[in-house]
Amino acid sequence: MRLSRYLLPVTKEAPAEATVISHQLMLRAGMIRQGSAGIYSWLPLGFKVLKNIEQIVREEMNRAGAIELLMPTLQQADLWRESGRYDAYGPEMLRIEDRSGRDLLYGPTNEEVITDIFRAYVKSYKQLPLNLYHQQWKFRDETRPRFGVMRGREFLMKDAYSFDVDEASARIAYQKMFASYLNTFNRLGVTAIPMQADPGPIGGDLSHEFIILAETGESAVFCDKALMDVPVPGVGFDFEDHAALAAEMEKRTQYYAATEEKHDEAAFKAIPEDRQIAARGIEVGHIFYFGTKYSKPMKAEIQTAEGGLTEIHGGSYGIGVSRLVGGIIEASHDEKGIVWPASVAPFDVGLMNLRASDEACTTACDEAYQRLENAGFDVLYDDRDERPGGKFATMDLIGLPWQLAIGPRGLKAGTVELKRRATGETEELSLDAVLNKLTGDQV
Ligand code: ATP
Ligand code: MG
């Protein structure tokens, strides 16, 4: 993409209303534009990151055996009356009436709709286990939308729902999501620690929030530092190996980790002092088992092996896809701007023409652009006739993993300058060597 043809409205200063660094950087990097409070347009650069996160989440959900579908944003109030949540949900729910006077609502979550789909088509234990998910916009009329996309009113969530014949198999469904989330967040380039969370009225031990540690996080969290060193299950993990699933959870739950609601000061103090982390965190995922909470009132029943009928046991598993864009920046930035993990970066390489008025320089840049694109890299090519200082500042701000600067001085010596954004380390190389190096980095 040539920057001269792109829409990248970067600014030097952040508007005063942006109080956290990720919000400031997203505005300065021209990633989002606010409509009303907590409602954003995703500008081209921001949209690319959102799509990259969505794609990684999709791949990891599929790998764990979940199946994607898409439910609407507008839901029938009647389904929520059936579950008993229509009145219970409160003012966070945006209620809408259509022209024929039917009550609708903009979904804040999807348990009712998915349960309705389930009961329409699934009648036998033979069709289970089943895990269905989608990535769809939600609306919650939050009292205090703030921190940019991290607490929006309209936000993109991945929500998965598992259906099982009994609690024992629902536990396996839960463990699959637990393991899958570890891989997902790892691929997104962040450390998200699973912490005991409030399971709500159902009780039990099956509720975890996945938390990125950050000073600006809204939750107070407590955990054992040892948790940070437990390796993730990894790409080859077998989600059908039940012993391995249980082990992945056990490896982590043996260490103390809890959100404020579940915090036990005595248990925390029992951790060796140098391993006690009392910090703030951002909730980027939440998984929990809720048993028959929806299947009972909504009569989602299936035939059992013995020939009887039983209410299914459910769980739900959320990831804050749009919140993650801010969350990743909170975890990965420096004083110059964003430092994207390569997996979610909006482009792979930022190519800069340091003297667009110079014909030889422009020819060399055009060639580099072509060759990089042909090699499969997504390149943002700053081809504008502007001063190098501003170009470097923009590239640092938007945080692409690699920067390639081409100017007349280097060209005389047959070299271009390659910089790795994360470390700031630069090298003078031939274009061939750059392509080799980046290709090697890709695999
Ligand atoms: P919070 O405690 O932050 O209000 P929640 O517990 O109400 O979140 P869940 O119902 O668990 O949220 O939703 C699943 C995920 O959706 C959360 O883990 C979070 O990452 C994301 N999410 C929830 N509310 C918002 C919001 N207002 N803006 C952006 N993302 C959100
Ligand atoms: Mg939650």
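Reading guide: rules and limits
Within every chain, residues take consecutive numbers counted from 1 along the sequence as written. Whichever chain is written first is A, and whichever ligand is written first is 1; the rest continue in order. For this predicted model, a pLDDT threshold of at least 70 governs which residues receive local features, and a threshold of 80 or more governs which side-chain atom pairs are given and counted, while totals over whole chains, interfaces and linings are taken from all residues. Side-chain metrics rest on all non-hydrogen atoms present in the structure, leaving aside hydrogens and water. Only strands that DSSP links by at least two bridges are regarded as paired with each other. Secondary structure is summarised from DSSP: a helix means a run of H or I of at least four residues, a strand means a run of E of at least two, and numbering begins at the N terminus for each. As a rule, the C-alpha atoms of each element are fitted with a line to give its axis, helices using only the stretch in contact, and angles between N-to-C directions run from 0 to 180 degrees. Take a side-chain nitrogen of Lys or Arg and a carboxyl oxygen of Asp or Glu: if they are within 4 Å of each other, that pair is a salt bridge. The buried label goes to any residue with under 20% of its type's maximum accessible area, the exposed label to any with over 50%, and the partly exposed label to all in between, with areas taken from a 1.4 Å probe on protein chains only. For classification, angles of less than 35 degrees are called roughly parallel, those exceeding 145 degrees roughly antiparallel, those between 65 and 115 degrees roughly perpendicular, and all remaining angles oblique. Note on definitions: a residue-residue contact is assigned when non-hydrogen atoms from the two residues lie within 4.5 Å. Only Asp, Glu, Lys and Arg are considered charged in this grouping, and only Ala, Val, Leu, Ile, Met, Phe, Trp, Tyr, Cys and Pro are considered nonpolar; every other residue, Gly among them, is considered polar. We call a crossing left-handed when the near helix sits turned anticlockwise from the far one by less than a right angle, and right-handed when that turn is clockwise.

Undergrad: So what exactly am I meant to see when it comes to the sheet that holds strand E4 (residues 74-76) here?
TA: In sheet architecture, strand pairing relies on hydrogen bonds along the backbone and comes in two forms, parallel and antiparallel. Across the sheet, which stays open at both edges, the three strands sit in the order E4-E6-E5 with antiparallel pairing between neighbours. The sheet terminates laterally at E4 and strand E5 (94-97), the two strands that pair on one side only. Recorded for the sheet is a direction-independent mean angle of 40° between the axes of neighbouring strands. Bridging between E5 and strand E6 (residues 103-106) involves four bridges; their strand directions are antiparallel. Pairing of Leu-94 across the sheet is with Tyr-106, part of E6.

Undergrad: For this particular structure, what's the right way to read the pairing of strand E22 (residues 416-420)?
TA: Looking down a regular strand, the side chains alternate between one sheet face and the other. Note: strand E21 (residues 402-406) against E22, four bridges, orientation antiparallel. When the bridges of E22 are listed, Leu-404 appears paired with Leu-418. In terms of strand pairing, E22 meets strand E23 (residues 426-429) through four bridges, oriented antiparallel. Paired with Lys-419 across the bridge in E23 is Thr-426.

Undergrad: Help me out: how do you make sense of the pattern of salt bridges in this one?
TA: Side chains that carry opposite charge are capable of pairing whenever their charged atoms lie near each other. If you walk through the whole model with that rule in mind, you get 37 salt bridges. Of the charged contacts, one joins Lys-391 and Asp-382 as a salt bridge, the two residues approaching to 3.6 Å between their closest N and O atoms. Like Asp-382, Lys-391 is buried. It is possible to trace a salt-bridge network through shared partners that takes in Lys-51, Glu-54, Arg-58 and Glu-68.

Undergrad: What am I meant to see in the packing of helix H1 (residues 21-28) against helix H9 (residues 321-331) here?
TA: Helix-helix packing: each pair is described by the crossing angle between the helix axes and the interaxial distance. The geometry of H1 relative to H9 is characterised by a closest axis approach of 8 Å and an angle of 110° between their N-to-C directions. With respect to H9, the element H1 is oriented roughly perpendicular. Contacts from Ile-21, Ser-22, Leu-25 and Met-26 of H1 reach H9 at Val-325, Gly-326, Ile-329 and Glu-330. Here the residues of the contact of H1 with H9 sort into five nonpolar, two polar and one charged.

Undergrad: Would you mind going over the packing of helix H2 (residues 44-63) against H9 with me for this structure?
TA: Where H2 contacts H9, the two axes come as close as 9 Å, and the packing angle between them is 115°. By the angle between their directions, the pair H2 and H9 is classed as roughly perpendicular. Crossing handedness for the pair H2 and H9: right-handed. Along its contact with H2, which presents Val-49, Leu-50, Ile-53 and Glu-54, the element H9 presents Val-321, Ser-322, Leu-324, Val-325 and Ile-328. Taken together, the residues that form the contact of H2 with H9 break down as seven nonpolar, one polar and one charged.

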